[in-house]
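Coordinate inspection notes
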Amino acid sequence: MIADVTMFEPEQVERPDQTESRERNEPETVAVTNGEEADENIYLLGRPPLGKFLRFMAHDVVDGEFMDEGVLTDEWRAAHHHVRTLETEETGIADYPPITKLDARVEPLCAELLKDPLIVNGFNTVPTNIAMVELDRLVVYQKHIDLAHVRKLKKKLGPAPTVEEVFQTCLPAEHPQPPVKWSRAHSDTYVFMSPSNDLRFLGTMRLKANHIKDYPPPGTLVGVIGIAVGFGSNFLNAIYAENRLVLNNGSHRAYALRDLGVTHVPCIIQYPSTREELVIAASGDLRDHPDLYLRSPRPSMLKDYFNPKLRKIVALKRRVRQVTVKFETDEKYVPSL
């Protein structure tokens, strides 16, 4: 359900100047790929444990197994020290971020968006609304940003996107499907593959014969269990919990827009009132380790992606997302009651 939840007095938000990109010019080293397909990524340093960081560098970065662990440890230590400094200097910066009304120019787009079945059926668990949020005040849990994808987004947007273009980028009414292939691997196993990391298991569906058209039934159907695989709603979405806004989806668009100079963007905001509701509404590391983002005096934030003391540019091995679906049936006779 899209509820009109107003947490703060609305403020008048002007569209920010977008004449200057936040692209950093400082030199940053990217691993040599040796011909292996790879993409430049920003990786946030200092917060993941040292062991996890070293494993990531060894297993996911091109030629990472040949990197000097001593040098990597020094980089992690410096970033970790900076994180501790920020916890003192910016304590509470993530608390009570401003949430403001949409620009009147996009109200027709918003009214049309609210009819989208992905909105109606996908955001009906906890109170939800659509409002403007400040990008630099968003808490983030995604550790890396694909810069190749960011460049595509920025090229599509141009150097100075309009208010309407920003809205449609964050909350698209159209849902183009990324490339995907799937096939039957065994009698009870199907494999789906896509270059999009949004490919996922969407759950099961209870279907009846009238739900299935243009497909000859193998017999007289009693019921059909659908195992759904596909893509998420792809809306820029945040969770407001314990007085903080945590970006739940749309990290690359948020980064690209901020890099273009946009400071405030439209966002679907969900308002879980308890940790139990948070588990239902959230995903990823926020769902699994909420205290890191809701209780830390200074959690990781979107602006950290732009901080040279907290980021490392690496060439990650290009991968595809694979989802495997297996099912099992058991037919037998049992004694009659």
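Residues numbered from 1 in each chain as written. Predicted model: local features only at pLDDT ≥ 70, side-chain atom pairs only at ≥ 80, totals over all residues. Heavy atoms only, no water.

**Notes on the environment of Ile93**
Operational definition: In this description a helix means any DSSP run of H or I spanning at least four residues, a strand means any run of E spanning at least two, and both kinds are numbered starting from the N terminus. For the exposure calls, accessible area comes from a 1.4 Å probe over protein chains only, and a residue counts as buried if that area is under 20% of its type's maximum, exposed if over 50%, partly exposed in between.
By secondary structure assignment, the location of Ile93 is in the loop between α2 (69–89) and β2 (99–100). Exposure remark for Ile93: the relative accessible area of 23% places this residue in the partly exposed category.

**Structural notes on the sheet that holds strand β13 (residues 321–326)**
Stated formally: Two strands are counted as paired when DSSP detects at least two bridges linking them. Every axis corresponds to a line fitted to the C-alpha atoms, with the helix fit spanning only the stretch in contact, and the corresponding angles, defined between N-to-C directions, vary from 0 to 180 degrees.
In spatial order, the strands read β5-β6-β13; together these 3 strands make up an open sheet with antiparallel pairing. Looking at strand neighbours, the two that pair on one side only are β5 (181–186) and β13, the edges of this open sheet. Put simply, the sheet's adjacent strands are angled 20° from each other on average, direction ignored. As paired elements, strand β6 (residues 189–194) and β13 share 6 bridges and run antiparallel to each other. Within the sheet, the bridge partner assigned to Phe192 lies in β13 and is Val323.

**Some remarks on the packing of helix α5 (residues 147–157) against helix α7 (residues 251–259)**
Put simply, the test is: An angle counts as roughly parallel when it lies under 35 degrees, as roughly antiparallel when it exceeds 145, as roughly perpendicular when it falls between 65 and 115, and as oblique in every other case. Handedness of a helix crossing follows the sense of rotation of the near helix relative to the far helix, less than a right angle counterclockwise being left-handed and clockwise being right-handed. Contacts were defined at the residue level, with two residues in contact if any of their heavy atoms lie within 4.5 Å. Amino acids are sorted into nonpolar (Ala, Val, Leu, Ile, Met, Phe, Trp, Tyr, Cys and Pro), charged (Asp, Glu, Lys and Arg) and polar (every other residue, Gly among them).
Where α5 contacts α7, the axes come no closer than 9 Å and their chain directions differ by 60°. With respect to α7, the axis of α5 lies oblique. The two elements α5 and α7 cross, and the hand of that crossing is right-handed. When α5 is examined against α7, the residues Leu147, His149, Val150, Leu153, Lys154 and Leu157 are found in contact with a partner set consisting of His252, Arg253, Tyr255, Ala256, Leu257 and Asp259. By residue class, the composition of the contact of α5 with α7 is 7 nonpolar, 2 polar and 3 charged.

**Looking at the pattern of salt bridges**
Condition: By convention in these notes, a salt bridge is any Lys or Arg side-chain nitrogen within 4 Å of a carboxyl oxygen on Asp or Glu.
Per the stated rule, a full pass over the model turns up 22 salt bridges. Close ionic contact of Lys115 with Glu112 constitutes a salt bridge, the shortest N to O distance being 3.5 Å. Between Asp330 and Lys332 there is a salt bridge, with its nearest N and O atoms 3.5 Å apart. Three or more residues are tied together by salt bridges with common partners; here these are Arg47, Glu90, Arg298, Lys303 and Asp304.

**Brief notes about the sheet that holds strand β1 (residues 38–44)**
Taken in spatial order, the 3 strands of this open sheet run β4-β1-β12, and their pairing is antiparallel. Each edge of the open sheet carries a strand with a single partner, namely β4 (144–146) and β12 (311–317). Put simply, the sheet's adjacent strands are angled 30° from each other on average, direction ignored. Inspection of the sheet shows β1 paired to β4 by 3 bridges, in the antiparallel sense. Directly across from Tyr43, in β4, lies its bridge partner His144. Packed onto the sheet, helix α1 (residues 50–60) meets β1, β4 and β12 and runs at close to 40° relative to β12.

The values are spatial; any link to function lies outside them.
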